[in-house]
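# Notes for the structure review
Here is how the chains run, residue by residue.
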Amino acid sequence: MKYYRSHILVGINEAAKQAGVDVFVNKLQDQISTAGLADEINVLETGPLAFFGRGICLTILPENVNYENVAIEDIVELVEEHLLKGRPVHRLMLDSAAQFKPKFNYDRRIVLKNSGIIDPESIDEYLGAGGYEAWEKALLNMQPADIVNEVKASGLRGRGGAGFPAGLKWSFTAPLNAEQKYVVVNADEGEPGTFKDRLIMEGDPHQLLEGIMICARAIGASMAYIYIRGEYKLCIARLEKAIKQCHAYGILGRNIFDSGFDLDIGIKIGAGAYVCGEETALIESLEGNRGNPRWKPPFPGVKGLWQYPTVVNNVETLANVPFIIKNGAAEYRQFGTDECTGTKVYTILGDVAYPGLCEVDMGATLRTVINEYGGGMKKGFKFKAALVGGAAGVILSDRMLDVKMDFVSLNQYAAVLGSGAILVMNEHQSIVDMLWSILRFFRHESCGKCSPCRIGTQHLYDLISKIRKGEGSMDDVEMLHTIALTMKQTSFCALGQSPIMAIASALDNFRDEFIAITKK
Amino acid sequence: MIKKVNIWLDGKHLEVPETMTIIEAADKYNVNIPRLCYHPDLPPTANCGVCVVEVAGNPTPKRACCTPVAEGMKIVTNSKLLRSYRKTLVEMILSHHDVVCPTCSANNKCELQTLANNMGVDPDTLPNIMHKAPIDATSPSIVRDVNKCIACGRCVTVCNDVQTVYALTFSDRGIESQITSAFGSGMANSACVNCGQCTVYCPTGALRENSDIDAVWDAVLDPLKHVIVQEAPAIRVSLAEEFGMELGTITVKKMYAALRKIGFDAVMDTNFTADLTILEEGTECVNKLKSGSKRPLITSCSPGWIKFMETYYPDLADCVSTAKSPMSMFGVLSKTYYAQEQNIDPANIVSVAIMPCIAKKFEARRPEMRDSGFQDTDYVLTTRELLRMIKEAGIDLKYVKEEDADETMSFYTGAGTIFGTTGGVMEAAIRSAYTLVTGEELEEIDITAVRGLEGVKEATIPVPGFGDLHVAVAHGLSNARLVMDRIREGLNTTGESPWHFVEIMACPGGCVGGGGQPYGNNMAMRARRGEGLYHEDRNLPIRKSHHNPEIKRIYERFLGEPNSPLAHRLLHTHYFKRSVNNGQVIEEATHKHH
Amino acid sequence: MFLDICKKYPPTKDNLIYILHEIQDTHPQHYISEEAVQVISEYLAVPVNHIYGVLTFYSMYSTKPRGKYIIRLCESPPCYIKSSDIILRRLKSLLHVNVGETTKDGLFTLELCACLGVCGNAPVMMINDDVYGDLTEEKIDSIIDKLSEV
Ligand SMILES: Cc1cc2nc3c(=O)[nH]c(=O)nc-3n(C[C@H](O)[C@H](O)[C@H](O)COP(=O)(O)O)c2cc1C
Ligand code: SF4
Ligand code: SF4
Ligand code: SF4
Ligand code: SF4
Ligand code: SF4
Ligand code: SF4
Ligand code: SF4
Ligand code: SF4
Ligand code: FES
Ligand code: FES
Ligand code: FES
Ligand code: FES
């Protein structure tokens, strides 16, 4: 490999594309050549960087300086100042407002270890980083039962929401005799504030594919589908390209590595419905139906897609698998806690200095995640609340900042971890407003199948709208709670069971705000 | 053998088959679990949430209608919490509902109303959030009032899975979701075949017949009109249950009396033309058999089936008997033969039919059904509408004194009466066709192979001089599909149909389970009604259509002989090809050549 | 023309979603007409009602003609607290339409949608296939200006 003095990582995402990143990269390279630095400086177009800046964003390594909103007009200055003279251009730097310098813990990363480091569109770079070694091992040196046992031993839990142990799930499907089995990857990601799966797929599509392959081998599936939301155009393009590359390299297809094992991976897209993230609704959608959930049992693992046994896993869940197979369960258990092993990918949003993407050991406190990885509060703002887990999540107050972020610890706040969204609110923002927006979301996304959710979501929205306008009473607030509770107990799927979480946590932690805004 | 499991239902230990759901187990042991969307004839949609019960070991309640029992399961069906959830739930349902019970067609029959009453629910707890949508009354048969729909999904299951018509779907989502035909076209512009099964299974007043009660009252009260009435076979066995008499009791003479009390000028009987149908259809069948045609003859008196055939199997239209239904034969004769016999100007005759069927409303308005020079049948009332009229007139059928029908067009045989149940037309036809072919009388006339509620029934009857007669009977349109697909396949491959003669009725159970029958019925009740008809058949003095003296008389005095030119002109019809998208006529499928 | 699109996919029901996407995307008015549904119905041997039910379930499809550009502004909580409502007001006044309406010149249809998964750049909207993030009122003006040319 060639040795470069510096790497410039250019994050390629929708926002960057909108800002004309293609032209930008060409100009940047020209300028670097003009400056005579072409041999010293490597420009790398990559997936998501560790932070969400506006427009075109760059990370310059090894000094780890982050720039956002860089324009073509800035290129000359950037090359002159930073690359030639070594003086960062402060006016373009992202973290000038941060209280803490965020951590870039590459050594503690599993899922994102390649993200922002390698070119996601190149299978060679993935292979160069040790990619597909786990697949080869799983296919040639392990029996399906060994794979299932290894994943079981790793303690890996599903990252799609409920935290169900992945190995256990596989172990239900693996022994079934069926003429066909499927792996379905849940990449529908609709939870507001959540887009870690998008970033995983954009940043390292091959890692997901490798996870899928191992799962398919473990359960005996010859076909896998990635169900991905229609809006994720870049993911779709990258995954399609990655699948093609795999076929070209004989990593997918018939008789892979002469093992006698066949596997293909297809991409299926959604058309805009949050409920299709629910695994049975997703299967309905895959079959070309309305996305109404199905009753369980039978579970998809027994009767799923077209009534065949189907393992449905989240993107992040599967992206953990290559590491486990390659390094073993024991190594994996070095991460996280005993009950919740491994790491978790979060998207930190809102009023933090460094909104961004991070991967942290399970069990880190919310405070740690916000302060160390989000750079703390934005200068001049005070922490008020965090919406953890998206619309189906809970609103935590500053008294709960020390909660451990894992499936078990969050239970004490009836909260869920799965989606990995952390939306931080400052002291000026209204909890009632936030709740209004959440309940509007549920009203819009109820599939309408079952009465409690279909009608309940409308009442919740009407009530919170009334309260928000100052026209409600505390009786209305109580009614809000009663309806949401009935929905929790009687709704057909987890969507209708969810609004109680935001409502109850808002009332528990911020009741004063409701008292203040309601009529006496 | 199905394995049994031990469960504890409200503390009571039971052993039940492992294939049961909790609600099935509870129903079997008379433990009442409230429910709205569940119906024992249909797979659960599990939409309403009212049936929730506590199952030990689960943090949230489970739906009883779709949760299978399991070994060791401990179930609590009633608790303070469950009651409060259910109550809030019913309040929520009522808050998105146009609550106008007194004027609702489902009043007193409505499962939602009953549940709300039983639970003591206050409809004013929550603000009503119903945005009233227009009522769809485009179809002559069916009215759809989404303001009364609770989205239980039964109608969609029935229409799509039981009847395979695919006229209804859920559209949109969330609070906006509703049942509809595609693009909100209205039922008249959909594939709906008017079988009315959705109206029977709808727990509320959201789907009902397009009512003709007012028009019939107007006619009855108009002194210038001569209003005559016919009643289909299935009616006589479906009234008793509404007046506290045993289900399946035959109340034919009380029915005649009630109709006179309502004010009809002449009370006759569709069973008479059912016998006539046997002669027309039977003759057609025998001619076909004798000609050596390999195409089967399929019965034609179910208008739901006829529209279905025109929509999905127009290529086989020439296999379907050209005989009109008994109702339409009656209609055309009422304004020709009857008018002539009684010396009444047919223009003053109002011909009313009481049918178990809502498709008959559509049939009556088909342009072909005007061979008398007028609309042959003016109004069709369903069993439900008749019941409403009887109640409106303040009549209690239980205490009405029996009366006979008028003399003309009312005498009937056992063959005519069993038309009302699946297999009945086939059985009646065989009784006469046998004689038409062999010239001899069939001795064993109870043809049990075609009785009962199996979806497709087959039988082989040895007919001397002809050989084996292969017949099939299907009821419910998904079963009709099975039969029609086999016929189509047979004709397209070997050129032969598996059967010579086929009976198809649109409604599961036949007309006793018709779309106009009293609410709250299920397959078990349909079977009881069918048995009622077989019971009447056994007790009638004459049990074969060709022995009906009135039938002989009408041929002698008016029609000539079966399939005569006049019979063809008045009693036969032809068919069209219809669009699967909107049910509209595309072109003729068979033609009428005169 | 609808049939040509259908034929790109094997005639199985699971392809319905793709066929609908492609028919809508290639239609100048970005919608799915009754005629289109009938053609698909025949091609896939799936009843029109089923297709109608599916079509109205997913928020990306429309049964009514729309503009050349479909603006889908995210209204989910993360965008909302970044003032997506101000962006909405701006769009409404700039285009003289309400949510769900199309401008008189047939260029723009304004819609609201749930989280687009680009919350890092909230507030966010999509116009057809393109994402626009970190929206400000000025940015809205220039985007609309640019698209209104030609
Ligand atoms: C309303 C709703 C939305 C959901 N959305 C998603 C989603 O976007 N992505 C996801 O992976 N799981 C989602 N889930 C969870 C899935 O049903 C399922 O549990 C998950 O895909 C299983 O994968 P895992 O075991 O790997 O977590 C959702 C569940 C519900 C009820
Ligand atoms: S809870 Fe809501 S989303 Fe889930 S099935 Fe019921 S209506 Fe649909
Ligand atoms: S449907 Fe039932 S509850 Fe509704 S108005 Fe009619 S009778 Fe009353
Ligand atoms: S409840 Fe009955 S009696 Fe009382 S006012 Fe109403 S209709 Fe009349
Ligand atoms: S009347 Fe029959 S065909 Fe028409 S919608 Fe109802 S069930 Fe379907
Ligand atoms: S119309 Fe009747 S049967 Fe159909 S969903 Fe509504 S309430 Fe249920
Ligand atoms: S069989 Fe049914 S449709 Fe035919 S006459 Fe009898 S009741 Fe009427
Ligand atoms: S089976 Fe009887 S009730 Fe049903 S559509 Fe046919 S004639 Fe009418
Ligand atoms: S003669 Fe005419 S009316 Fe009679 S069956 Fe033949 S085509 Fe039909
Ligand atoms: S009866 Fe079980 S959900 Fe309605
Ligand atoms: S309400 Fe019970 S399962 Fe439906
Ligand atoms: S087919 Fe004759 S009764 Fe229906
Ligand atoms: S909340 Fe708007 S894009 Fe996610």
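What comes next concerns the included structure. (Residues numbered from 1 in each chain as written. Chains lettered and ligands numbered in written order. Predicted model: local features only at pLDDT ≥ 70, side-chain atom pairs only at ≥ 80, totals over all residues. Heavy atoms only, no water.)

### Structural notes on the nonpolar core
It is characteristic of soluble globular proteins that their nonpolar side chains tend to be buried jointly. Membership of the largest hydrophobic core comes to 229 residues, with the highest contact counts inside it found for Trp170, Leu209, Ile212, Met213, Ile228, Leu366 and Phe514 of chain A. Counting 46 residues, the second-largest nonpolar core is a separate cluster that includes Ile142, Val156, Cys195 and Cys507 of chain B. (Core = buried A, V, L, I, M, F, W, Y, C linked by side-chain atoms within 4.5 Å. Buried < 20%, exposed > 50% of the residue type's maximum accessible area, 1.4 Å probe, protein only.)

### Some remarks on the pattern of salt bridges
Taken as a whole and assessed by the stated rule, the structure comprises 76 salt bridges over all chains. Taking the shortest distance from any N to any O, the salt bridge between Glu75 of chain C and Arg440 of chain A comes out at 3.2 Å. Taken as a pair, Glu75 of chain C in the loop between strand S1 (69-74) and helix H5 (77-80) and Arg440 of chain A in helix H15 (residues 431-445) lie in two separate chains rather than in one. Overall, the relative accessible area of 12% leaves Glu75 of chain C in the buried class. Under the relative-accessibility criterion, Arg440 of chain A is labelled buried at 14%. Across the pair Arg295 of chain B and Asp318 of chain B runs a salt bridge, and its minimum N-O distance is 3.0 Å. With Arg295 of chain B in the loop between helix H8 (270-291) and strand S12 (297-298) and Asp318 of chain B in the loop between helix H9 (303-312) and helix H10 (326-334), the pair connects residues that are 23 residues apart, well separated along the chain. Given the relative accessible area of 41%, Asp318 of chain B is considered partly exposed. Among the ionic contacts, a cluster of salt bridges with common partners joins Glu427, Arg431, Asp446, Arg451, Asp537 and Arg543 of chain B. (Salt bridge = Lys/Arg side-chain N within 4 Å of Asp/Glu carboxyl O. Helix = DSSP H or I, 4+ residues; strand = E, 2+ residues; numbered from the N terminus.)

### Digging into the interface of chain A and chain C
Taken together, the contact pairs 55 residues of chain A with 38 residues of chain C. The contact between chain A and chain C buries some 3,700 Å² in all, and 58% of this surface belongs to carbon and sulfur atoms. On inspection of chain A and its partner chain C, the count reaches four salt bridges. Across the contact surface, chain A and chain C share 21 residue pairs in polar contact (both at pLDDT 80 or more). (Contact = heavy atoms within 4.5 Å. Buried area = accessible area lost by both parts, 1.4 Å probe. Polar contact = N/O pair within 3.5 Å; in protein donor to acceptor, adjacent residues only side chain to side chain.)

### Some remarks on the packing of aromatic side chains
All chains considered together, the criterion is met by 23 aromatic pairs over all chains. Feature note: the residues Tyr182, Tyr225, Trp306 and Tyr308 of chain A constitute an aromatic cluster, connected by ring pairs. One cation-aromatic arrangement involves Arg384 of chain B over Tyr519 of chain B; the distance from NZ or CZ to the ring centre is 4.5 Å. One Lys or Arg, Arg481 of chain B, reaches over the ring of Tyr312 of chain B and ends 4.4 Å from the middle of that ring. (Phe/Tyr/Trp six-rings, centres within 6.5 Å; stacked < 30°, edge-to-face > 60°. Lys NZ or Arg CZ within 6 Å of the ring centre and 35° of its normal.)

### Describing the interface of chain B and chain A
Contacts between the two partners involve 34 residues from chain B, matched on the other side by 32 residues from chain A. Both sides together, the interface formed by chain B and chain A hides about 2,700 Å², and carbon and sulfur atoms give 59% of it. On the chain B side of the interface with chain A, the three residues burying the most area are Tyr85, Met92 and Arg173 of chain B, jointly 24% of the side's total. Remark: the boundary between chain B and chain A carries two salt bridges. In this structure, Glu445 of chain A engages Arg173 of chain B in a salt bridge whose closest nitrogen and oxygen atoms are separated by 3.0 Å. Connecting chain B to chain A are 15 residue pairs in polar contact (both at pLDDT 80 or more).

### Quick look at the pairing of strand S1 (residues 6-11) of chain A
Residue and element names in this part refer to chain A. For S1, a buried count of five out of six residues is recorded, marking the element as mostly surrounded by other parts of the structure. In this sheet, strand S2 (residues 41-46) lies alongside S1 in parallel orientation, the contact comprising six bridges. If you follow Ile8 over to S2, its bridge partner there is Val43. (Pairing = 2+ DSSP bridges.)

### Let's talk about the pairing of strand S15 (residues 456-463) of chain B
All names here are of chain B. Here S15 shows a clear split, with Lys457, Ala459, Ile461 and Val463 buried on one side and none of Val456, Glu458, Thr460 and Pro462 buried on the other. Alignment of S15 against strand S16 (residues 467-475), held across eight bridges, turns out to be antiparallel. Note that in S16 the partner of Ala459 across the bridge is Val471.

### Here's the deal with the site of ligand 8
Around ligand 8, a shell composed of Ser302, Pro303, Gly304, Pro356, Cys357, Lys360, Met505, Ala506, Cys507, Cys511 and Gly514 of chain B is seen. Tallied by class, the residues present in the shell around ligand 8 amount to seven nonpolar, three polar and one charged. (Near = heavy atom within 4 Å. Nonpolar A, V, L, I, M, F, W, Y, C, P; charged D, E, K, R; others polar.)

### Quick word on the sheet that holds strand S7 (residues 264-269) of chain A
All names here are of chain A. In spatial order, the strands read S7-S6-S5-S8; together these four strands make up an open sheet with parallel pairing. A single partner strand is all that each edge strand has here, and the edge strands are S7 and strand S8 (310-314). If you compare each strand with its neighbour and ignore which way they point, the axes differ by 20 degrees on average. Lying on the sheet, helix H10 (residues 233-248) is in contact with strand S6 (223-228) and S7; it crosses S7 at an angle near 165 degrees. (Axes fitted to C-alpha atoms, helices over the stretch in contact; angles between N-to-C directions.)

Shape is all these values report; function is a separate question.
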